[in-house]
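Read off the chains here:
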Amino acid sequence: MLKRILLLSLIIGMTSTVAISADIGNKVNEKEYPSADKVLPANPPKADFVIEGSVEKNIDMTLDKCIELALGNNPQINAAFHDILASDARIRQVWANYFPQLSWQTGYTKIKQLQLSDALGRNLTFNYYILGQVTLQQMLYDFGVTQNQATIKRFDYEAYKTTLSATINDVIYQTKDAYFNLLFAFENRRVAEDTVKKFEMFYNQAKAFYEIGMNPKVDVTIAEVNLSNAKLQLIQADNAVNLAVAKLNNVMGVPFIDKYNVQERLKYQPVDVTFNKSVEIARDARPELKLAELKVESANQTMKLVKKSYFPTLSIEGQYQRGGKSWNSNYGYNIGGYLNFPTINGMLIKNEIKEARYLYDKEIANAKNTQNSIYLEIQNAYLALEEKKNQMPVAILGVKQAKENYELSYGRYRVGEASPTELKDAQINYQQAQLTYYNALYQYNSSKAALEKAIGKNLAAENSDVVELGK
(Lines give C-alpha, C1' and ligand atoms only; values in the text may rest on other atoms or scores of the structure.)
Protein backbone atom coordinates (compact mmCIF):
# COMPACT_ATOMS: atom_id res chain seq x y z
CA MET A 1 0.00 0.00 0.00
CA LEU A 2 2.83 2.36 0.87
CA LYS A 3 4.49 1.61 -2.48
CA ARG A 4 1.26 2.42 -4.28
CA ILE A 5 1.03 5.81 -2.51
CA LEU A 6 4.65 6.62 -3.32
CA LEU A 7 4.08 5.62 -6.93
CA LEU A 8 1.07 7.87 -7.32
CA SER A 9 2.94 10.74 -5.65
CA LEU A 10 5.79 10.36 -8.11
CA ILE A 11 3.50 10.31 -11.12
CA ILE A 12 1.62 13.37 -9.88
CA GLY A 13 4.92 15.18 -9.47
CA MET A 14 6.02 14.28 -13.00
CA THR A 15 2.71 15.30 -14.59
CA SER A 16 1.53 18.12 -12.39
CA THR A 17 -0.66 19.52 -15.15
CA VAL A 18 -2.28 16.21 -16.07
CA ALA A 19 -5.14 14.60 -14.17
CA ILE A 20 -4.71 10.85 -13.57
CA SER A 21 -7.95 8.96 -13.91
CA ALA A 22 -8.73 5.51 -12.63
CA ASP A 23 -9.24 4.06 -16.10
CA ILE A 24 -5.75 4.82 -17.46
CA GLY A 25 -4.51 1.81 -19.36
CA ASN A 26 -8.02 0.71 -20.28
CA LYS A 27 -9.22 3.78 -22.13
CA VAL A 28 -7.33 6.45 -24.05
CA ASN A 29 -7.53 9.76 -22.21
CA GLU A 30 -8.11 12.36 -24.91
CA LYS A 31 -6.92 15.16 -22.62
CA GLU A 32 -3.58 13.53 -21.99
CA TYR A 33 -2.96 11.97 -25.37
CA PRO A 34 -3.63 13.43 -28.83
CA SER A 35 -6.39 12.09 -30.99
CA ALA A 36 -5.59 8.97 -32.98
CA ASP A 37 -6.37 10.95 -36.15
CA LYS A 38 -3.15 12.88 -35.68
CA VAL A 39 -0.82 9.96 -35.65
CA LEU A 40 2.42 11.62 -36.66
CA PRO A 41 4.49 14.38 -35.08
CA ALA A 42 3.92 17.72 -36.77
CA ASN A 43 7.38 19.20 -36.32
CA PRO A 44 8.98 20.14 -39.66
CA PRO A 45 12.48 18.96 -40.57
CA LYS A 46 15.37 20.85 -39.06
CA ALA A 47 16.13 24.05 -40.95
CA ASP A 48 19.88 23.61 -40.82
CA PHE A 49 20.74 23.86 -44.48
CA VAL A 50 21.25 27.48 -45.48
CA ILE A 51 22.69 28.96 -48.67
CA GLU A 52 25.26 31.64 -47.92
CA GLY A 53 26.12 34.50 -50.24
CA SER A 54 22.63 35.10 -51.58
CA VAL A 55 20.65 38.28 -51.23
CA GLU A 56 18.18 36.65 -48.87
CA LYS A 57 20.88 34.78 -46.95
CA ASN A 58 18.30 32.06 -46.32
CA ILE A 59 16.68 30.23 -49.23
CA ASP A 60 13.91 27.73 -48.67
CA MET A 61 14.62 24.96 -51.16
CA THR A 62 11.58 23.47 -52.87
CA LEU A 63 11.18 20.86 -55.57
CA ASP A 64 10.63 23.54 -58.22
CA LYS A 65 13.84 25.32 -57.21
CA CYS A 66 15.74 22.04 -57.27
CA ILE A 67 14.52 21.35 -60.81
CA GLU A 68 15.43 24.90 -61.83
CA LEU A 69 18.95 24.43 -60.47
CA ALA A 70 19.27 21.06 -62.20
CA LEU A 71 18.17 22.43 -65.56
CA GLY A 72 20.75 25.21 -65.33
CA ASN A 73 23.68 23.27 -63.90
CA ASN A 74 23.46 19.56 -64.71
CA PRO A 75 26.42 18.74 -67.01
CA GLN A 76 24.42 16.15 -68.98
CA ILE A 77 22.04 18.88 -70.13
CA ASN A 78 24.93 21.20 -70.92
CA ALA A 79 26.64 18.51 -73.01
CA ALA A 80 23.42 17.70 -74.90
CA PHE A 81 22.89 21.40 -75.63
CA HIS A 82 26.36 21.77 -77.14
CA ASP A 83 25.70 18.72 -79.30
CA ILE A 84 22.85 20.74 -80.83
CA LEU A 85 25.13 23.71 -81.53
CA ALA A 86 27.75 21.44 -83.12
CA SER A 87 25.09 19.73 -85.24
CA ASP A 88 23.83 23.09 -86.49
CA ALA A 89 27.39 23.96 -87.54
CA ARG A 90 27.61 20.68 -89.47
CA ILE A 91 24.51 21.62 -91.48
CA ARG A 92 26.21 24.87 -92.53
CA GLN A 93 29.35 22.95 -93.45
CA VAL A 94 27.36 20.88 -95.95
CA TRP A 95 25.73 23.93 -97.53
CA ALA A 96 29.22 25.40 -97.92
CA ASN A 97 29.55 23.20 -101.05
CA TYR A 98 27.50 25.82 -102.91
CA PHE A 99 29.88 28.63 -101.91
CA PRO A 100 32.80 29.54 -104.21
CA GLN A 101 36.25 28.16 -103.42
CA LEU A 102 39.22 30.50 -103.75
CA SER A 103 42.83 29.30 -103.70
CA TRP A 104 46.23 30.94 -104.26
CA GLN A 105 49.64 29.42 -104.67
CA THR A 106 53.20 30.44 -105.50
CA GLY A 107 56.35 28.41 -106.10
CA TYR A 108 59.66 27.83 -107.76
CA THR A 109 60.69 24.80 -109.84
CA LYS A 110 64.19 23.92 -111.07
CA ILE A 111 64.41 21.21 -113.74
CA LYS A 112 67.66 19.59 -114.94
CA GLN A 113 67.28 17.62 -118.20
CA LEU A 114 69.84 14.82 -117.87
CA GLN A 115 69.11 13.11 -121.21
CA LEU A 116 69.48 16.34 -123.23
CA SER A 117 72.58 17.21 -121.25
CA ASP A 118 74.23 13.92 -122.24
CA ALA A 119 73.27 14.37 -125.90
CA LEU A 120 74.38 17.97 -126.22
CA GLY A 121 77.38 17.62 -123.95
CA ARG A 122 76.37 20.36 -121.56
CA ASN A 123 74.08 20.79 -118.64
CA LEU A 124 70.58 22.13 -119.38
CA THR A 125 68.84 23.63 -116.38
CA PHE A 126 65.43 25.26 -116.52
CA ASN A 127 64.02 27.56 -113.83
CA TYR A 128 60.27 28.17 -113.59
CA TYR A 129 58.73 30.68 -111.23
CA ILE A 130 55.13 31.17 -110.17
CA LEU A 131 54.57 34.60 -108.72
CA GLY A 132 50.92 33.81 -108.07
CA GLN A 133 48.21 31.50 -109.28
CA VAL A 134 44.67 32.38 -108.24
CA THR A 135 41.88 29.83 -108.79
CA LEU A 136 38.18 30.46 -108.28
CA GLN A 137 35.85 27.46 -108.47
CA GLN A 138 32.07 27.37 -108.14
CA MET A 139 29.98 24.21 -108.00
CA LEU A 140 26.73 24.72 -109.89
CA TYR A 141 24.88 21.45 -109.44
CA ASP A 142 25.59 18.00 -108.03
CA PHE A 143 22.23 16.36 -108.82
CA GLY A 144 20.91 16.54 -105.24
CA VAL A 145 23.91 15.12 -103.41
CA THR A 146 24.42 18.21 -101.25
CA GLN A 147 20.67 18.42 -100.69
CA ASN A 148 20.62 14.84 -99.34
CA GLN A 149 23.66 15.47 -97.17
CA ALA A 150 22.05 18.59 -95.70
CA THR A 151 18.81 16.69 -95.07
CA ILE A 152 20.72 13.99 -93.18
CA LYS A 153 22.48 16.63 -91.07
CA ARG A 154 19.15 18.32 -90.43
CA PHE A 155 17.71 15.04 -89.17
CA ASP A 156 20.79 14.72 -86.96
CA TYR A 157 20.11 18.22 -85.66
CA GLU A 158 16.52 17.33 -84.82
CA ALA A 159 17.74 14.11 -83.20
CA TYR A 160 20.11 16.05 -80.94
CA LYS A 161 17.27 18.39 -79.98
CA THR A 162 15.14 15.39 -79.13
CA THR A 163 18.03 13.88 -77.18
CA LEU A 164 18.21 17.10 -75.17
CA SER A 165 14.51 16.75 -74.36
CA ALA A 166 15.08 13.14 -73.29
CA THR A 167 18.06 14.19 -71.15
CA ILE A 168 16.01 16.92 -69.50
CA ASN A 169 13.21 14.43 -68.87
CA ASP A 170 15.65 12.02 -67.24
CA VAL A 171 17.35 14.72 -65.14
CA ILE A 172 13.99 15.98 -63.88
CA TYR A 173 13.11 12.45 -62.80
CA GLN A 174 16.46 12.01 -61.06
CA THR A 175 15.99 15.36 -59.31
CA LYS A 176 12.50 14.46 -58.14
CA ASP A 177 13.58 11.06 -56.87
CA ALA A 178 16.61 12.53 -55.06
CA TYR A 179 14.46 15.29 -53.55
CA PHE A 180 11.81 12.84 -52.32
CA ASN A 181 14.60 10.67 -50.94
CA LEU A 182 15.90 13.68 -49.00
CA LEU A 183 12.43 14.35 -47.57
CA PHE A 184 12.20 10.67 -46.66
CA ALA A 185 15.56 10.92 -44.88
CA PHE A 186 14.31 13.96 -42.97
CA GLU A 187 11.21 12.07 -41.85
CA ASN A 188 13.31 9.10 -40.75
CA ARG A 189 15.52 11.39 -38.71
CA ARG A 190 12.52 13.06 -37.15
CA VAL A 191 11.11 9.66 -36.17
CA ALA A 192 14.51 8.71 -34.73
CA GLU A 193 14.62 11.94 -32.70
CA ASP A 194 11.11 11.30 -31.40
CA THR A 195 12.11 7.74 -30.49
CA VAL A 196 15.14 8.98 -28.53
CA LYS A 197 12.94 11.39 -26.59
CA LYS A 198 10.49 8.64 -25.74
CA PHE A 199 13.19 6.21 -24.62
CA GLU A 200 14.76 8.97 -22.51
CA MET A 201 11.38 9.38 -20.85
CA PHE A 202 11.11 5.61 -20.36
CA TYR A 203 14.58 5.54 -18.84
CA ASN A 204 13.74 8.31 -16.38
CA GLN A 205 10.48 6.56 -15.51
CA ALA A 206 12.22 3.20 -14.94
CA LYS A 207 14.91 4.88 -12.87
CA ALA A 208 12.28 6.59 -10.71
CA PHE A 209 10.43 3.30 -10.20
CA TYR A 210 13.67 1.63 -9.20
CA GLU A 211 14.55 4.39 -6.72
CA ILE A 212 11.25 3.97 -4.89
CA GLY A 213 11.58 0.19 -4.96
CA MET A 214 8.72 -0.49 -7.35
CA ASN A 215 10.77 -2.17 -10.15
CA PRO A 216 14.02 -4.12 -10.21
CA LYS A 217 17.32 -2.77 -11.55
CA VAL A 218 17.00 -4.88 -14.68
CA ASP A 219 14.19 -2.57 -15.86
CA VAL A 220 16.60 0.37 -15.68
CA THR A 221 19.22 -1.59 -17.60
CA ILE A 222 16.72 -2.53 -20.28
CA ALA A 223 15.61 1.09 -20.61
CA GLU A 224 19.24 2.22 -20.85
CA VAL A 225 19.98 -0.31 -23.60
CA ASN A 226 16.88 0.79 -25.50
CA LEU A 227 18.00 4.42 -25.21
CA SER A 228 21.47 3.59 -26.52
CA ASN A 229 20.01 1.73 -29.50
CA ALA A 230 17.71 4.66 -30.25
CA LYS A 231 20.66 7.08 -30.19
CA LEU A 232 22.56 4.81 -32.56
CA GLN A 233 19.62 4.83 -34.97
CA LEU A 234 19.51 8.63 -34.72
CA ILE A 235 23.19 8.84 -35.72
CA GLN A 236 22.50 6.60 -38.72
CA ALA A 237 19.42 8.62 -39.68
CA ASP A 238 21.38 11.87 -39.45
CA ASN A 239 24.09 10.47 -41.72
CA ALA A 240 21.42 9.30 -44.17
CA VAL A 241 20.25 12.93 -44.42
CA ASN A 242 23.76 14.08 -45.30
CA LEU A 243 24.06 11.36 -47.95
CA ALA A 244 20.67 12.32 -49.42
CA VAL A 245 21.74 15.97 -49.59
CA ALA A 246 24.96 14.99 -51.38
CA LYS A 247 23.01 12.88 -53.89
CA LEU A 248 20.55 15.68 -54.61
CA ASN A 249 23.33 18.24 -55.04
CA ASN A 250 25.14 15.94 -57.45
CA VAL A 251 22.01 15.43 -59.54
CA MET A 252 21.47 19.18 -59.67
CA GLY A 253 25.06 19.62 -60.86
CA VAL A 254 26.07 21.75 -57.86
CA PRO A 255 27.95 19.35 -55.54
CA PHE A 256 29.74 22.20 -53.76
CA ILE A 257 26.69 24.36 -53.14
CA ASP A 258 26.39 25.96 -49.71
CA LYS A 259 23.87 24.58 -47.27
CA TYR A 260 20.20 25.36 -47.82
CA ASN A 261 16.91 25.15 -45.99
CA VAL A 262 14.31 22.46 -46.84
CA GLN A 263 10.85 23.13 -45.45
CA GLU A 264 8.63 20.82 -47.50
CA ARG A 265 7.48 17.42 -46.29
CA LEU A 266 6.43 14.30 -48.12
CA LYS A 267 2.88 14.60 -49.42
CA TYR A 268 0.34 12.24 -50.88
CA GLN A 269 -1.18 13.78 -54.01
CA PRO A 270 -3.28 11.19 -55.84
CA VAL A 271 -3.46 11.38 -59.62
CA ASP A 272 -6.26 10.13 -61.82
CA VAL A 273 -4.86 8.69 -65.06
CA THR A 274 -5.64 5.47 -66.87
CA PHE A 275 -3.11 3.22 -68.55
CA ASN A 276 -4.52 3.94 -72.02
CA LYS A 277 -4.34 7.66 -71.33
CA SER A 278 -0.71 7.28 -70.24
CA VAL A 279 0.16 5.53 -73.50
CA GLU A 280 -1.67 8.20 -75.48
CA ILE A 281 0.26 10.98 -73.73
CA ALA A 282 3.56 9.18 -74.33
CA ARG A 283 2.94 9.01 -78.10
CA ASP A 284 3.03 12.79 -78.27
CA ALA A 285 5.34 13.68 -75.38
CA ARG A 286 7.99 10.93 -75.06
CA PRO A 287 11.17 12.17 -76.80
CA GLU A 288 12.58 8.69 -77.50
CA LEU A 289 9.67 7.87 -79.84
CA LYS A 290 10.36 10.93 -81.96
CA LEU A 291 14.08 10.16 -81.88
CA ALA A 292 13.43 6.66 -83.25
CA GLU A 293 11.39 8.13 -86.13
CA LEU A 294 14.17 10.60 -86.93
CA LYS A 295 16.73 7.80 -87.11
CA VAL A 296 14.53 5.94 -89.60
CA GLU A 297 14.23 9.04 -91.81
CA SER A 298 17.97 9.68 -91.59
CA ALA A 299 18.71 6.09 -92.68
CA ASN A 300 16.31 6.54 -95.60
CA GLN A 301 18.10 9.70 -96.72
CA THR A 302 21.46 7.91 -96.42
CA MET A 303 20.19 5.18 -98.72
CA LYS A 304 19.12 7.81 -101.29
CA LEU A 305 22.51 9.49 -101.02
CA VAL A 306 24.44 6.27 -101.68
CA LYS A 307 22.37 5.69 -104.83
CA LYS A 308 23.70 9.00 -106.21
CA SER A 309 27.31 7.83 -106.11
CA TYR A 310 27.20 7.56 -109.93
CA PHE A 311 26.18 11.18 -110.45
CA PRO A 312 28.64 13.82 -111.74
CA THR A 313 29.24 17.35 -110.50
CA LEU A 314 28.77 20.43 -112.70
CA SER A 315 31.06 23.38 -111.89
CA ILE A 316 32.86 26.37 -113.43
CA GLU A 317 36.42 27.43 -112.75
CA GLY A 318 38.51 30.50 -113.49
CA GLN A 319 42.28 30.73 -113.08
CA TYR A 320 44.86 33.52 -113.43
CA GLN A 321 48.60 32.90 -113.26
CA ARG A 322 51.73 35.10 -113.47
CA GLY A 323 55.29 33.79 -113.64
CA GLY A 324 57.65 32.06 -116.12
CA LYS A 325 61.41 32.14 -116.52
CA SER A 326 61.39 35.07 -114.10
CA TRP A 327 58.87 36.05 -111.46
CA ASN A 328 57.00 38.46 -113.72
CA SER A 329 57.93 37.47 -117.28
CA ASN A 330 54.66 35.90 -118.33
CA TYR A 331 51.00 35.58 -117.39
CA GLY A 332 47.94 33.62 -118.43
CA TYR A 333 44.39 32.81 -117.52
CA ASN A 334 41.65 30.33 -118.33
CA ILE A 335 37.98 29.87 -117.60
CA GLY A 336 35.69 26.99 -118.29
CA GLY A 337 32.94 24.68 -117.18
CA TYR A 338 33.46 21.12 -116.05
CA LEU A 339 31.33 18.04 -115.70
CA ASN A 340 33.29 15.86 -113.29
CA PHE A 341 32.36 12.18 -113.10
CA PRO A 342 33.43 10.23 -110.03
CA THR A 343 35.61 7.16 -110.23
CA ILE A 344 33.07 4.37 -110.44
CA ASN A 345 33.50 1.00 -108.78
CA GLY A 346 30.30 -0.85 -109.56
CA MET A 347 30.94 -3.65 -107.08
CA LEU A 348 31.62 -1.18 -104.29
CA ILE A 349 28.63 1.06 -104.95
CA LYS A 350 26.27 -1.90 -105.33
CA ASN A 351 27.23 -3.22 -101.88
CA GLU A 352 27.16 0.24 -100.33
CA ILE A 353 23.53 0.51 -101.47
CA LYS A 354 22.78 -2.91 -99.96
CA GLU A 355 24.37 -1.86 -96.68
CA ALA A 356 22.34 1.34 -96.58
CA ARG A 357 19.12 -0.60 -97.24
CA TYR A 358 19.90 -3.08 -94.45
CA LEU A 359 20.69 -0.25 -92.04
CA TYR A 360 17.38 1.38 -92.96
CA ASP A 361 15.54 -1.86 -92.14
CA LYS A 362 17.53 -2.08 -88.91
CA GLU A 363 16.38 1.39 -87.83
CA ILE A 364 12.78 0.41 -88.52
CA ALA A 365 13.24 -2.60 -86.24
CA ASN A 366 14.95 -0.42 -83.61
CA ALA A 367 12.05 2.01 -83.72
CA LYS A 368 9.63 -0.84 -83.11
CA ASN A 369 11.80 -2.08 -80.24
CA THR A 370 11.89 1.42 -78.73
CA GLN A 371 8.12 1.61 -78.94
CA ASN A 372 7.78 -1.77 -77.20
CA SER A 373 10.30 -0.82 -74.50
CA ILE A 374 8.51 2.43 -73.74
CA TYR A 375 5.19 0.59 -73.62
CA LEU A 376 6.69 -1.84 -71.08
CA GLU A 377 8.21 1.03 -69.09
CA ILE A 378 4.82 2.74 -68.90
CA GLN A 379 3.22 -0.54 -67.81
CA ASN A 380 5.76 -1.05 -65.03
CA ALA A 381 5.54 2.55 -63.83
CA TYR A 382 1.74 2.58 -63.94
CA LEU A 383 1.36 -0.71 -62.06
CA ALA A 384 3.94 0.36 -59.49
CA LEU A 385 2.07 3.62 -58.94
CA GLU A 386 -1.22 1.77 -58.50
CA GLU A 387 0.42 -0.58 -56.01
CA LYS A 388 1.86 2.26 -53.94
CA LYS A 389 -1.43 4.13 -54.15
CA ASN A 390 -3.28 1.14 -52.72
CA GLN A 391 -0.70 0.78 -49.96
CA MET A 392 -1.25 4.29 -48.61
CA PRO A 393 -4.56 3.70 -46.72
CA VAL A 394 -3.15 0.51 -45.18
CA ALA A 395 0.04 2.31 -44.08
CA ILE A 396 -1.97 5.16 -42.54
CA LEU A 397 -4.20 2.73 -40.67
CA GLY A 398 -1.14 0.84 -39.43
CA VAL A 399 0.29 4.03 -37.92
CA LYS A 400 -2.98 4.86 -36.20
CA GLN A 401 -3.30 1.39 -34.72
CA ALA A 402 0.34 1.33 -33.61
CA LYS A 403 0.00 4.69 -31.90
CA GLU A 404 -3.16 3.72 -30.06
CA ASN A 405 -1.42 0.56 -28.89
CA TYR A 406 1.56 2.60 -27.74
CA GLU A 407 -0.63 5.07 -25.86
CA LEU A 408 -2.42 2.26 -24.06
CA SER A 409 0.86 0.53 -23.18
CA TYR A 410 2.41 3.76 -21.97
CA GLY A 411 -0.59 4.53 -19.81
CA ARG A 412 -0.47 1.04 -18.28
CA TYR A 413 3.29 1.35 -17.69
CA ARG A 414 2.93 4.64 -15.84
CA VAL A 415 0.65 3.03 -13.27
CA GLY A 416 2.80 -0.09 -13.02
CA GLU A 417 0.48 -2.40 -14.96
CA ALA A 418 2.76 -3.01 -17.97
CA SER A 419 6.27 -4.40 -18.23
CA PRO A 420 9.19 -2.58 -19.89
CA THR A 421 9.23 -5.23 -22.60
CA GLU A 422 5.60 -4.55 -23.47
CA LEU A 423 6.27 -0.82 -23.60
CA LYS A 424 9.38 -1.29 -25.71
CA ASP A 425 7.52 -3.53 -28.17
CA ALA A 426 4.72 -1.00 -28.45
CA GLN A 427 7.18 1.84 -29.07
CA ILE A 428 9.18 -0.16 -31.62
CA ASN A 429 5.97 -1.11 -33.43
CA TYR A 430 4.90 2.53 -33.50
CA GLN A 431 8.30 3.61 -34.78
CA GLN A 432 8.30 0.92 -37.45
CA ALA A 433 4.76 1.85 -38.50
CA GLN A 434 5.85 5.45 -39.00
CA LEU A 435 8.87 4.40 -41.03
CA THR A 436 6.71 2.06 -43.10
CA TYR A 437 4.28 4.89 -43.77
CA TYR A 438 6.99 7.31 -44.81
CA ASN A 439 8.63 4.67 -46.98
CA ALA A 440 5.28 4.02 -48.70
CA LEU A 441 4.89 7.77 -49.16
CA TYR A 442 8.36 8.07 -50.68
CA GLN A 443 7.78 5.06 -52.92
CA TYR A 444 4.49 6.55 -54.10
CA ASN A 445 6.06 9.90 -55.01
CA SER A 446 9.02 8.17 -56.67
CA SER A 447 6.68 5.91 -58.66
CA LYS A 448 4.67 8.94 -59.73
CA ALA A 449 7.87 10.64 -60.94
CA ALA A 450 8.83 7.43 -62.79
CA LEU A 451 5.45 7.38 -64.58
CA GLU A 452 5.88 11.06 -65.50
CA LYS A 453 9.28 10.21 -66.99
CA ALA A 454 7.81 7.24 -68.84
CA ILE A 455 5.11 9.35 -70.51
CA GLY A 456 7.28 12.46 -70.85
CA LYS A 457 4.86 14.79 -69.09
CA ASN A 458 3.93 15.87 -65.56
CA LEU A 459 0.71 14.55 -64.06
CA ALA A 460 -1.70 16.90 -62.32
CA ALA A 461 -3.27 15.92 -59.00
CA GLU A 462 -6.89 14.81 -58.94
CA ASN A 463 -7.93 17.83 -56.90
CA SER A 464 -6.50 20.63 -54.81
CA ASP A 465 -6.73 18.63 -51.57
CA VAL A 466 -3.36 17.38 -50.46
CA VAL A 467 -3.16 14.58 -47.92
CA GLU A 468 -0.30 15.43 -45.59
CA LEU A 469 -0.43 13.62 -42.30
CA GLY A 470 1.16 15.23 -39.30
CA LYS A 471 0.40 18.79 -40.35
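Residues numbered from 1 in each chain as written. Predicted model: local features only at pLDDT ≥ 70, side-chain atom pairs only at ≥ 80, totals over all residues. Heavy atoms only, no water.

## Some remarks on the nonpolar core
Side chains that are nonpolar tend, in soluble globular proteins, to be buried together. Rule in force here: Buried Ala, Val, Leu, Ile, Met, Phe, Trp, Tyr and Cys residues that are joined via side-chain atoms within 4.5 Å together make up what is termed a nonpolar core. Only protein chains enter the accessibility calculation, which uses a 1.4 Å probe. A residue is then buried if its area is under 20% of the maximum for its type, exposed if over 50%, and partly exposed in between. We count a stretch as a helix when DSSP gives it H or I for four or more residues in a row; a strand needs E for two or more, and each element gets its number in order from the N terminus. Whether two residues touch is decided by their heavy atoms; if any such pair falls within 4.5 Å, the residues are in contact.
Counting residues in each nonpolar core, the largest one holds 75 residues, and the members touching the most others are Y179, L182, L248, V262, I378, Y437 and L451. Of all the elements in the fold, those that place two or more residues in this core are α2 (63-73), α3 (75-95), α5 (145-211), α6 (217-252), α7 (275-285), α9 (346-414) and α10 (420-455). Of the residues forming this core, the biggest block, 17 residues, is contributed by α5. If near-sequence neighbours (up to four positions away) are discounted, L451 is found in contact with V273, S278, I378, A381, Y382, L385 and L459. V306, I349, I353 and A356 belong to the second-largest nonpolar core, a separate cluster that totals five residues.

## What about the pairing of strand β5 (residues 313-324)?
Applicable threshold: Here, a strand pair is defined by DSSP locating no fewer than two bridges between the strands.
Two elements, β5 and strand β6 (residues 330-340), share 11 bridges in a ladder whose sense is antiparallel. Along β6, the bridge assignment pairs T313 with N340. As consecutive antiparallel partners, β5 and β6 are separated by five residues.

## Digging into the environment of E352
When you line up the elements, E352 lands in helix α9. Owing to a relative accessible area of 29%, E352 belongs among the partly exposed residues under this scheme. Measuring from C-alpha to C-alpha, the distance between E352 and K307 comes to 8.5 Å, with 45 residues separating the pair along the chain. Among residues more than four places away in sequence, those in contact with E352 are V306 and S309.

## Overview of the confidence of the model for the chain
Applicable threshold: Each residue gets a pLDDT score, which is the predictor's confidence in that residue and runs from 0 to 100.
Looking at the chain, the pLDDT average stands at 82 and 82% of residues meet or exceed 70. Mean pLDDT values for the elements of the chain range from 41 in helix α1 (residues 2-14) up to 94 in α3. A low-confidence stretch, residues 1-37 (pLDDT under 50), is modelled with 45 contacts involving residues beyond four sequence positions or located in other chains. Contacts of residues 463-471 to residues separated by more than four positions or lying in other chains number 16 contacts, the stretch itself having pLDDT below 50.

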